[in-house]
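Architecture and fold: a report
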Amino acid sequence: MKDDKRNYIIVVAAGSGSRYGGDLPKQFCDLRGRPLLMTTLERVHACAPDADILLVLSGSMLSFWREICSVLGFGVPFREIEGGATRAHSVRNALSVIDPATVGWIAVHDAARPMVTPEMFARLADGLPGCSGTIPVVPVTDSLRVVEPDGSSRSVDRSRLRAVQTPQLFDGKKLIRANDRELLPTFTDDASVMEAAGYTDLRLVEGDPRNIKVTNPGDMDIVELYL
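Notes on the packing of helix α1 (residues 36–47) against helix α2 (residues 62–72)
Across the interface, α1 lies against α2 with an axial gap of 11 Å and an inter-helix angle of 70°. Of the possible angle classes, the one that applies to α1 and α2 is roughly perpendicular. Taking contact as the criterion, the partners of Leu37, Met38 and Leu41 in α1 are, on α2, Trp65, Ile68, Cys69 and Leu72. In the contact of α1 with α2, the residues fall into seven nonpolar, no polar and no charged.

Okay, structure coming up:
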């Protein structure tokens, strides 16, 4: 029996990248002579070539992006979606164009993580049956402390903690339903949106230490080295 479900990868590229600095948001900064975002799109496309890519961009960057894609002859297929006021609202905008009746899985990925691999994506897909979503994580290697309201601090047992990455992969219908709720400032990723909607059966999957998020200028040098 043929599976007619359509799968989607939402790439969130509407942020300002204020911590990175520079004249352009980090996803548009140079990586090997092209915007970093192009590498991210190529690599997520390689992870799931049959999935539809929904690229969320801020309205102010649409013309710049279209022009540079034309100049460089960028060929990865995607559909543009205009972003919202926050990351969560940008994801909601992308979800609004998906038909819940035909959706299969939906992955949500940060544009500033260009090092996603097919191997990691396969682990997420393999772990999805029987749960609402899969989240890639890596162990925390730094020592950590919690700062209390009075300014004092205490150490934290890092062995119980994991750093969360993207892409995060979800049952598409459940992710759409979860985003019908109020989007709170505490929602820093899509797993937190799912949990708030009652979908707590999220499965942790081995991520990749090289799948870093470009946040500071030195991170681009690390990505260059990995590539």
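Now that the structure has been shown, the text picks up again.
Topic: the nonpolar core
The biggest cluster of nonpolar side chains holds 31 residues, and the ones touching the most others in it are Ile9, Val11, Leu37, Leu41, Trp65 and Trp105. Secondary structure elements with two or more residues in this core: β1 (6–13), α1, β4 (52–57), α2, β6 (103–110) and α4 (118–127). When residues in this core are grouped by element, the largest group, five residues, is from α1. With residues up to four places along the chain from it excluded, the contact list for Leu37 reads Val11, Ala13, Gln27, Phe28, Leu55, Leu57, Trp65 and Ala111. Judged by nonpolar contacts, the second largest core, of 28 residues, contains Val91, Ala94, Phe187 and Val193.

A closer look at the environment of Leu37
With respect to the element layout, Leu37 can be found in helix α1. Taking the C-alpha atoms as reference, Leu37 lies 7.0 Å from Ala112; in sequence the two are 75 residues apart.

What to know about α1
Given a rise of 1.5 Å per residue, 12 residues ought to cover 16 Å, and the 17 Å separating the end C-alpha atoms of α1 matches this to within 8%. The complete set of buried residues in α1 reads Leu36, Leu37, Met38, Thr39, Thr40, Leu41, Val44 and Cys47.

Concerning the state of the cysteines
Going through the model one piece at a time under the given rule, you end up with zero disulfides. Here Cys69 is not disulfide-linked; the sulfur of Cys29 is the nearest cysteine sulfur, at 16 Å. The class for Cys69 is buried, based on a relative accessible area of 11%. Unpaired in this structure, Cys131 has its nearest cysteine sulfur neighbour in Cys47, at a distance of 18 Å.

Here's the deal with the side chain of Asp190
Within the element layout of this structure, Asp190 appears in helix α6 (residues 190–196). Polar side-chain contacts of Asp190 include one of 2.9 Å to the side chain of Arg87. The contacts of Asp190, once residues within four sequence positions are left out, are Arg87, Val91, Val108, Gln168 and Phe170.

Some points on the pattern of salt bridges
What the rule picks out here adds up to eight salt bridges. For Arg6, the salt bridge goes to Asp52, with nearest N and O atoms at 2.4 Å. Taken as a pair, Arg6 in strand β1 and Asp52 in strand β4 lie far apart in primary sequence, 46 residues in all. When the shortest N-O distance is used, the salt bridge between Asp190 and Arg87 registers 2.9 Å. In this pair, Asp190 is assigned in helix α6 and Arg87 in helix α3 (residues 87–95), connecting sequence segments 103 residues apart.

Cut-offs used in this document
- Residues numbered from 1 in each chain as written.
- Predicted model: local features only at pLDDT ≥ 70, side-chain atom pairs only at ≥ 80, totals over all residues.
- Heavy atoms only, no water.
- Axes fitted to C-alpha atoms, helices over the stretch in contact; angles between N-to-C directions.
- Helix = DSSP H or I, 4+ residues; strand = E, 2+ residues; numbered from the N terminus.
- Parallel < 35°, antiparallel > 145°, perpendicular 65-115°, else oblique.
- Contact = heavy atoms within 4.5 Å.
- Nonpolar A, V, L, I, M, F, W, Y, C, P; charged D, E, K, R; others polar.
- Core = buried A, V, L, I, M, F, W, Y, C linked by side-chain atoms within 4.5 Å.
- Buried < 20%, exposed > 50% of the residue type's maximum accessible area, 1.4 Å probe, protein only.
- Expected span 1.5 Å × (residues − 1).
- Disulfide = S-S within 2.5 Å.
- Polar contact = N/O pair within 3.5 Å; in protein donor to acceptor, adjacent residues only side chain to side chain.
- Salt bridge = Lys/Arg side-chain N within 4 Å of Asp/Glu carboxyl O.

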